[in-house]
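Chain and residue survey
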There are 2 protein chains.
Amino acid sequence: MTGRHGLSAKDSRPVLAVDWGTTAFRAALLDPAGQVLHEEASSDGILTKKPAEFAPFLEAVYGRLAENLNPLVLMSGMVGSANGWQVAPYCACPAGFGEVSSHLHWIDPGRVAIVPGLSCEHVHAPDVMRGEETQILGAMRLMGLSDGCFVLPGSHSKWAWVEGGRILRFKTLMTGEFFAALGQHTILAKTVDAGAPLDEAAFVQGVERARQPDGLLHQAFAARTLALFDRMGPAALGSYLSGLCIGEELRAMLGSAAHQEAQPPTPNLVLVGSAQLTQRYALALRQHGVRSRALGSESTWAGLHALARTL
Amino acid sequence: MTGRHGLSAKDSRPVLAVDWGTTAFRAALLDPAGQVLHEEASSDGILTKKPAEFAPFLEAVYGRLAENLNPLVLMSGMVGSANGWQVAPYCACPAGFGEVSSHLHWIDPGRVAIVPGLSCEHVHAPDVMRGEETQILGAMRLMGLSDGCFVLPGSHSKWAWVEGGRILRFKTLMTGEFFAALGQHTILAKTVDAGAPLDEAAFVQGVERARQPDGLLHQAFAARTLALFDRMGPAALGSYLSGLCIGEELRAMLGSAAHQEAQPPTPNLVLVGSAQLTQRYALALRQHGVRSRALGSESTWAGLHALARTL
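Since the structure is predicted, the reported quantities are computational estimates derived from the model, not experimental observations.

Expressed as a screw transformation, the operator carrying chain B onto chain A has a rotation angle of 180 degrees and an axial translation of 0.0 Å, and the superposed copies differ by an RMSD of 0.0 Å. Classification of the inter-copy transformation places it as that of a two-fold axis. The position closest to the rotation axis in chain B is occupied by the C-alpha of Ala181 of chain B, lying 2.9 Å away. Both copies share a contact surface, since 100% of the interface residues of chain B are interface residues in chain A too.

What follows is the structure in structure tokens.
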């Protein structure tokens, strides 16, 4: 039996997995069991490539990692956006392995495809992700979960609610971008060292402060006045401001269970991201009495491998 | 009878009122009744002046506006900050005309003084203002109010609660700076025309959206997705994002009446600021069922004149 793209129903070729984002490129050759055989990473994000440069760049990577192995090439991330190689139209939620797999955007049918991002319709506006859907599918597979709440912290954090193996809905929060913009482009730049290592006590203080209903617009100004009155130094204020921003994210997502669109996270809260970020989120979640488990960049490879196995 | 600075108890000299901020300078010669006789304004904010340049600059203004009139010179604003002419230490709340008057920072006793800013101690951090105290005192005098809630929108909005003629406490919200940083230094810069004229419908839509508990970190991302899906153009999105930010300010201040530190605004809500901003705030307040009255830059001259009359 062959599928509509001429692939065998149980495709067991190796997979050249590609995570091609705005500012970074990663590729891994995965064996049929999903183990990483070779891997490479660079700063060749999509913004460094002109339209005609995507194909030759991938050919070169293919030559280095997978020559003569005839792998399936699966790419996720912003490579499928308007600024990327080709636009892979969004797949609408609810979406699981089946929906995403059947919406793969084939560049070279049977050989090279881009995983579509997901879209989701809220009452007031749509929401989108690109790349995170692959991480979530991978995390589901790695954790053996078909239900739960998956949180992917970052410039644009994603909270995704999964039931029966499908992503029902998700919300984006601009937490990382707010933190960066506040620390670099407001008066707080004068008093806050946003790049300082984590000061746990100051961070937790920020998370706790964010639980009050008077909001981030007011609370953030403390990162100015605590310095003016010599009550906190620049490094501690970096963690305090980080705690305020991440704390506001948690307040909004954990506290809005009564809201029509939201949904309380289940006990299976899974964090997916860099160790540096998931550490901060785990700490903040503990302040809210919520336990979490964390996964890293292995989720992307697991997701791309699992998607390849659906073909 | 003479006061401790050698002034007569009822000082009836003209007043040279100076509003010296970070990026702007304004001065007005006021007659004993508080009427403006001459006025000038320039972009000679304190950041354009070295320490030795403040005195000669003021001398020149004095010469142009008030030569031979022997006025009392009263200055308010950031001129009294660490980056200004001399530091006028903060006066602690509660503070009314009496407290502010007795904390004037005299540069030339009996002739030239800086009005002190106010400080206020919240549970988690202190709060400060410089210049707004003079506008609030002026607004109280112009409105004939000794109780009420005074809102001064801006880069750093101030909400001040006044009882019995004294400012009991106040809160700063970084609304204007958030709006500017989001519109210029995040992904929203690509889709939002932050400088476009007010689009009332889009603005109100943002204000209403901000009443939902899922927070600005999430809500702001709509200014990206509504553009991605061609549902709102850049000019309308500028007003929508403005509505989200101002709406978040109102949600936090009007909705936190149960919060230990907060205090519900009284029916006497007075807006003080530029017509462009107070128009937006009045519109947003109406969405919350709160009526307001507005005053402009005349509040500063009224405040300085009223302070001079206390000497």
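With respect to the helices, strands and loops of the structure, Thr300 of chain A is situated in helix α10 (residues 298–309). Sequence-distant contacts of Thr300 of chain A, defined by excluding residues within four places in its chain, comprise Asp19, Arg26, Ser76, Thr134 and Gln135 of chain A.

Quick look at the interface of chain B and chain A now. The partner chain A presents 51 residues to the 51 residues of chain B that form the contact. For the pair chain B and chain A, the two sides together bury roughly 4300 Å², of which 69% comes from carbon and sulfur. If you sort the residues of chain B by the area they bury against chain A, Phe178, Leu217 and Phe221 of chain B come out on top, with a joint share of 17%. Where chain B packs against chain A, one counts four salt bridges. One can count 14 residue pairs in polar contact (both at pLDDT 80 or more) joining chain B with chain A. Elements supplying a minimum of two residues to the side of chain B that touches chain A: β9 (118–121), β10 (126–129), β13 (166–173), α4 (175–185), α6 (215–219), α7 (222–228) and α8 (234–254) of chain B. Its residues placed into classes, the side of chain B that touches chain A shows 23 nonpolar, 15 polar and 13 charged.

Next up on the list: the layout of surface pockets. Estimates place the volume of the second largest pocket at around 1400 Å³. In this structure, the second largest pocket is lined by 42 residues; those nearest its centre are Gly21, Thr22, Met78, Arg130 and Glu132 of chain B. Elements supplying a minimum of two residues to the lining of the second largest pocket: α7 (222–228) of chain A together with β2 (25–30), β10 and α3 (132–143) of chain B. Class assignment of the residues belonging to the lining of the second largest pocket gives a composition of 17 nonpolar, 17 polar and eight charged.

A word on the pattern of salt bridges. For the structure on display, the rule yields 20 salt bridges over all chains. Between Glu40 of chain A and Arg64 of chain A there is a salt bridge whose closest N-O contact spans 2.8 Å. With Glu40 of chain A in strand β3 (residues 36–42) and Arg64 of chain A in helix α1 (residues 54–66), the pair connects residues that are 24 residues apart, well separated along the chain. For Arg64 of chain A, a relative accessible area of 53% puts it in the exposed group. Of the charged contacts in the structure, one is a salt bridge between Glu248 of chain A and Arg251 of chain A, with a shortest N-O distance of 2.9 Å. Here Arg251 of chain A and Glu248 of chain A lie together in helix α8 (residues 234–254), a separation of three residues that amounts to about one turn. Beyond isolated ion pairs, a larger network of salt bridges with shared partners links Lys171 of chain A together with Arg209 and Asp214 of chain B.

It is worth spelling out the nonpolar core at this point. Core analysis: the biggest nonpolar cluster contains 92 residues, and Trp159, Phe178 and Leu188 of chain A together with Trp159, Phe178 and Leu188 of chain B have the highest contact counts within it. Excluding residues that lie within four positions of it along the chain, Phe178 of chain B makes contacts with Phe178, Leu182, Leu216, Leu217 and Ala220 of chain A together with Leu216 of chain B.

Before going further, it helps to examine the sheet that holds strand β5 (residues 91–92) of chain B. Residue and element names in this part refer to chain B. The strand order β5-β9-β10 describes an open sheet built from three strands, whose pairing is mixed. Only two strands of the sheet have a single neighbouring strand rather than two, namely β5 and β10. As defined by bridge partners, β5 adjoins β9 across two bridges and the pair is classed as parallel. Looking at the pairing, Ala92 lines up with Ser119 of β9.

As a further point, take the confidence of the model for chain A. Residue and element names in this part refer to chain A. Chain-level statistics for chain A give a pLDDT mean of 93 and a share of 93% at 70 or above. Counting contacts from residues 1–9, a segment whose pLDDT is below 50, to residues more than four positions away or on other chains yields 13 contacts. Scored below 50 in pLDDT, residues 257–262 shows 14 contacts in the model against residues more than four places distant or in partner chains. Interface predicted TM-score (ipTM) for the complex: 0.93; the corresponding pTM is 0.93.

Remember that side chains alternate between the two faces of the sheet whenever the strand is regular. Residue and element names in this part refer to chain A. With six bridges connecting them, strand β2 (residues 25–30) and β3 associate as antiparallel partners. Looking at β3, one finds that Phe25 is bridged to Ser42. As consecutive antiparallel partners, β2 and β3 are separated by five residues, and within that stretch Gly34 has a phi angle of approximately 95 degrees, a positive value.

So, on to the sheet that holds strand β12 (residues 157–163) of chain A. Residue and element names in this part refer to chain A. Across the sheet, which stays open at both edges, the six strands sit in the order β6-β13-β12-β11-β14-β15 with mixed pairing between neighbours. Edge positions in the sheet fall to β6 (95–96) and β15 (293–295), since each has one partner strand and no second. Across seven bridges, the pairing between β12 and strand β13 (residues 166–173) is antiparallel. Its bridge partner lying in β13, Lys158 is registered against Thr172.

This paragraph deals with the packing of helix α5 (residues 200–209) of chain A against helix α9 (residues 275–287) of chain A. Residues and elements named next belong to chain A. α9 packs onto α5 with a crossing angle of 50 degrees between their chain directions and a minimal axis gap of 10 Å. If you check the angle between α5 and α9, you find them oblique. As for how α5 packs across α9, the hand of that crossing is right-handed. Residues Glu200, Phe203, Val204, Val207 and Glu208 of α5 lie in contact with α9, whose contacting residues are Arg280, Leu283, Ala284 and Gln287. A class-by-class count of the residues in the contact of α5 with α9 yields five nonpolar, one polar and three charged.

Before going further, it helps to spend a moment on the packing of helix α4 (residues 175–185) of chain A against α8 of chain A. Residues and elements named next belong to chain A. Where α4 contacts α8, the axes come no closer than 10 Å and their chain directions differ by 145 degrees. The chirality of how α4 crosses α8 is right-handed. For the pair α4 and α8, contact is made by Thr175, Phe179, Leu182 and Gly183 and by Gly238, Leu241, Ser242, Cys245, Ile246 and Glu249, respectively. Residue composition of the contact of α4 with α8, by class: five nonpolar, four polar and one charged.

How each quantity is defined
- Residues numbered from 1 in each chain as written.
- Chains lettered and ligands numbered in written order.
- Predicted model: local features only at pLDDT ≥ 70, side-chain atom pairs only at ≥ 80, totals over all residues.
- Heavy atoms only, no water.
- Least-squares fit on C-alpha atoms with pLDDT ≥ 70 in both.
- Contact = heavy atoms within 4.5 Å.
- Helix = DSSP H or I, 4+ residues; strand = E, 2+ residues; numbered from the N terminus.
- Buried area = accessible area lost by both parts, 1.4 Å probe.
- Salt bridge = Lys/Arg side-chain N within 4 Å of Asp/Glu carboxyl O.
- Polar contact = N/O pair within 3.5 Å; in protein donor to acceptor, adjacent residues only side chain to side chain.
- Nonpolar A, V, L, I, M, F, W, Y, C, P; charged D, E, K, R; others polar.
- 1 Å grid on protein atoms, 1.4 Å probe; cavity = no way out; pocket = protein on both sides within 12 Å on 5 of 7 lines; lining within 4 Å.
- Points joined across faces, edges and corners; volume = space filled by probe spheres on them.
- Buried < 20%, exposed > 50% of the residue type's maximum accessible area, 1.4 Å probe, protein only.
- Core = buried A, V, L, I, M, F, W, Y, C linked by side-chain atoms within 4.5 Å.
- Pairing = 2+ DSSP bridges.
- pLDDT = per-residue confidence, 0-100.
- Axes fitted to C-alpha atoms, helices over the stretch in contact; angles between N-to-C directions.
- Parallel < 35°, antiparallel > 145°, perpendicular 65-115°, else oblique.
- Left-handed = near helix turned anticlockwise from the far one by under 90°.

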